Amino acid sequence: MAAPCLLNVWKAGDCGGKEQWSRKRQSEAFTPTDSSLTCYVMWVAMEGQNVSFPNTFVLLGFSDLPWLEMPLFAVLLVSFIFTVIGNSSILFLSLVDPRLRTPMYFFLDNLSVLDLCVTYTIVPQLLINLWGPEKTIASWSCMAQAYLYQWMGGTECALLAVMALDRYVAICFPLQYVLIMHLWACVWLATVCWALGLANSLIQTTLTLYLTLCAKNTLDHFFCEVPALIKLACGDTTMNDLSLALGAIPFAIVSPLTVLTSYTFIARAVLKLPSAKGRRKAFSTCSSHLLVVTIFFGPAMYTYLQPPGNNTQSKFLSFFYCVFTPMLNPLIYTLRNKDVKEAWRRILSSQGRRKSLKAR
């Protein structure tokens, strides 16, 4: 039963009957206006509903293209398997082969961990939603997705910039490389990347939790993302929009500029090398990372620069960014890297020798 003071305010505000608001809430087109927002919030409170966040969210995903859901499910399942195998294999190689315990592969291990985290955060829920008619996700799971995705995305932006700096030091200062990029310097740089991503996630997602969603729970996306959750708010989102804009500066502006500046100096240094063989070797060292950077920042920037109304294209770009990028990263570093190929050959040949000795 509602408190008497709440009922008095309800009557004084000339809000009408509660049945009228029940019928309005059932209408999908209903959105509270400034004049009706007070009455709506009081109705929700008297009905015992959560004004801030509902218990579940509906992820529309690709439901507007039902014929595409099963093909997407098959593609997603295959890419999920390849992503897990590829990134896990890089981590395995770095652990068992001492020759891969270098700064470059230390940062590559961090990148593989990030790709696995992004994959496990988004893909399992997306597979469930594509397979069945239910497109729902629990509120706590939605918030976990938002926190983790924001954390991993920011960390990966910073890490790719650090990896570009590592290549810059390796090519422009080869004699001092071991002294500059020693173990604790690498650990400190990686820790800063993870800490920056975590701080950004805590700020952005926690601010989103304080928004009033007015019991709206339908996200026109295939996972819970902070910008998509902000769109559900029926109150003022100026603080959230400002926070997102300021938070994007170190990750969406400083990181790409750091990569661009590093590779500008790298290109100048490589072109000054006297031998063509030295130039080819230097370019091949950087080509894998440069390709990964292009695949990561390209779709991400294009997605967030799209106009708000172009939801379908944005979803497909996000799908590529969240699903295919983590799968392509280990493939690029494996197929284009001689060190990784040789590490696999050494491991497979040692296994073959062990089997032959056992057979004897």
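Residues numbered from 1 in each chain as written. Predicted model: local features only at pLDDT ≥ 70, side-chain atom pairs only at ≥ 80, totals over all residues. Heavy atoms only, no water.

Let's shift gears to the overall build of the protein. Looking only at helices and strands, the protein features 13 helices and three strands. Summed over its atoms, the accessible surface of the protein is roughly 19200 Å², and 68% of this surface lies on carbon and sulfur atoms. (Helix = DSSP H or I, 4+ residues; strand = E, 2+ residues; numbered from the N terminus. Areas by Shrake-Rupley, 256 points an atom, 1.4 Å probe, with all protein chains shown as cover.)

Under the definition given, this model contains one disulfide. Disulfide pairing is shown between Cys 142 and Cys 224; the S-S distance is 1.9 Å. Negative torsions about the S-S bond denote left-handed disulfides, and the value of about -115° found for Cys 142 with Cys 224 makes this one left-handed. Here Cys 142, found in helix H6 (residues 139–172), pairs with Cys 224, found in the loop between strand E3 (218–219) and helix H9 (226–230); they are 82 residues apart in sequence, far enough to count as distant. (Disulfide = S-S within 2.5 Å.)

Okay, the packing of aromatic side chains next. Inspection of every chain in the model, using the stated rule, returns 17 aromatic pairs. Centroid distance Phe 62 to Phe 222: 5.7 Å. Interplanar angle 15°. Geometry classified as stacked. Of this pair, Phe 62 sits in the loop between strand E1 (56–59) and helix H4 (69–96) while Phe 222 sits in the loop between E3 and H9; the two residues are 160 residues apart in sequence, bridging distant segments of the chain. Three or more aromatic residues link up through ring pairs in this structure, and these residues are Phe 62, Tyr 149, Phe 222, Phe 223, Phe 296, Phe 297, Phe 316, Phe 319, Phe 320, Tyr 321 and Phe 324. (Phe/Tyr/Trp six-rings, centres within 6.5 Å; stacked < 30°, edge-to-face > 60°.)

On to the pattern of salt bridges. Inspection of every chain in the model, using the stated rule, returns three salt bridges. Lys 135 is the partner of Glu 69 in a salt bridge, and the nearest nitrogen-oxygen pair spans 3.0 Å. With Glu 69 in helix H4 and Lys 135 in the loop between helix H5 (103–131) and strand E2 (136–138), the pair connects residues that are 66 residues apart, well separated along the chain. Each member of the pair, Glu 69 as well as Lys 135, is classed as buried. Between Asp 166 and Arg 167 there is a salt bridge, with the nearest N and O atoms lying 3.0 Å from each other. Arg 167 matches Asp 166 in its accessibility class, with the two residues each being buried. (Salt bridge = Lys/Arg side-chain N within 4 Å of Asp/Glu carboxyl O. Buried < 20%, exposed > 50% of the residue type's maximum accessible area, 1.4 Å probe, protein only.)

Looking now at the UniProt feature "transmembrane region" (unreviewed entry) in the protein. Using the residue numbers shown here, the UniProt feature "transmembrane region" (unreviewed entry) corresponds to residues 72–93, 105–128, 148–165, 177–203, 248–271, 283–304 and 316–335. The span residues 72–93 shows a helical share of 100% and a strand share of 0%, and its end C-alpha atoms are spaced 31 Å apart. With 93% helix and 0% strand, residues 177–203 has end C-alpha atoms that lie 36 Å from one another. (UniProt positions renumbered as here; feature names shortened; annotations may be inferred.)

In this section: the side chain of Gln 150. Looking at where Gln 150 falls in the secondary structure, it is placed in helix H6. Discounting chain neighbours no more than four positions away, the residues touching Gln 150 are Gly 197, Asn 200, Ser 201, Gln 204, Thr 205, Val 226 and Leu 244. (Contact = heavy atoms within 4.5 Å.)

With that settled, consider helix H8 (residues 183–209). Three- or four-residue spacings in an α-helix give side chains the same orientation, since the helix completes a turn every 3.6 residues. With 27 residues, H8 extends 39 Å from end C-alpha to end C-alpha; this agrees with the ideal 39 Å at 1.5 Å per step. Next to the buried residues of H8 lie H5, H6, helix H7 (177–180), H9 and helix H10 (238–271). (Expected span 1.5 Å × (residues − 1).)

Moving on, we come to the nonpolar core. Most often, soluble globular proteins have nonpolar side chains that are buried together. Leu 76, Leu 111, Leu 160 and Phe 319 are the most contacted members of the largest nonpolar core, which has 65 residues in total. Within the residue set of this core, elements represented by two or more residues are H4, H5, H6, H8, H10, helix H11 (276–304), helix H12 (311–335) and helix H13 (338–359). Apart from the residues within four sequence positions on either side, Phe 319 is in contact with Phe 62, Leu 72, Leu 76, Leu 126, Phe 222 and Phe 324. Grouped together as the second largest cluster of nonpolar side chains are 16 residues, Leu 213, Cys 224, Leu 229 and Leu 232 included. (Core = buried A, V, L, I, M, F, W, Y, C linked by side-chain atoms within 4.5 Å.)

Turning our attention to the confidence of the model for the protein. In the predicted model, the protein carries a mean pLDDT of 80, and 79% of its residues have values of at least 70. At the level of individual helices and strands, the protein shows its lowest average pLDDT in helix H1 (residues 4–12), which scores 42, and its highest in H8, which scores 94. Contacts of residues 25–30 to residues separated by more than four positions or lying in other chains number eight contacts, the stretch itself having pLDDT below 50. Low confidence marks residues 41–51, where pLDDT is under 50. Its contacts with residues over four positions away, or in another chain, come to 26 contacts. (pLDDT = per-residue confidence, 0-100.)

Right, let's get into the sheet that holds E1. The strand order across the open sheet formed by three strands is E2-E1-E3, and the pairing between neighbours is mixed. Strands with a single pairing partner mark the edges of an open sheet, and in this sheet they are E2 and E3. Those strands touched by H6 are E1, E2 and E3, and its axis lies near 85° from that of E2. (Pairing = 2+ DSSP bridges. Axes fitted to C-alpha atoms, helices over the stretch in contact; angles between N-to-C directions.)

A word on the environment of Lys 338. Here Lys 338 shows up in helix H13. Counting along the chain gives 53 residues from Lys 338 to Thr 285, while the straight-line C-alpha distance between them is 9.6 Å.

Our focus in this paragraph is a positive patch on the surface. Taken together, the side chains of Lys 277, Arg 280, Lys 281, Lys 338, Lys 341 and Arg 345 present a region of like positive charge at the surface. The set of elements that each furnish at least two residues to the positive patch consists of H11 and H13. (Patch = residues over 30% accessible without salt bridge, like charges linked within 9 Å, V, L, I, M, F, W, Y side chains within 5 Å. Lys, Arg positive; Asp, Glu negative; His and termini not counted. Charge placed at Lys NZ, Arg CZ, Asp CG, Glu CD.)

The next thing to look at is the packing of H8 against H10. Following both chains from N to C, one finds H8 and H10 inclined at 170°, their axes separated by 10 Å at the closest point. The angle between the axes of H8 and H10 places the two elements in the roughly antiparallel class. Residue-level inspection shows Leu 196, Gly 197, Asn 200, Ile 203, Gln 204, Leu 207 and Thr 208 of H8 in contact with H10, the latter providing Asn 240, Ser 243, Leu 244, Gly 247 and Phe 251. Considering only residue class, the contact of H8 with H10 consists of five nonpolar, seven polar and no charged. (Parallel < 35°, antiparallel > 145°, perpendicular 65-115°, else oblique. Nonpolar A, V, L, I, M, F, W, Y, C, P; charged D, E, K, R; others polar.)

Burial along E1 is one-sided: Phe 57 and Leu 59 are buried, while Thr 56 and Val 58, pointing the other way, are not. Pairing of E1 with E2 involves three bridges; the strand directions are antiparallel. Paired with Val 58 across the bridge in E2 is Thr 136. In this structure, E1 lies alongside E3, joined through two bridges in parallel fashion. Its bridge partner being in E3, Leu 59 is matched across the sheet by Leu 219.

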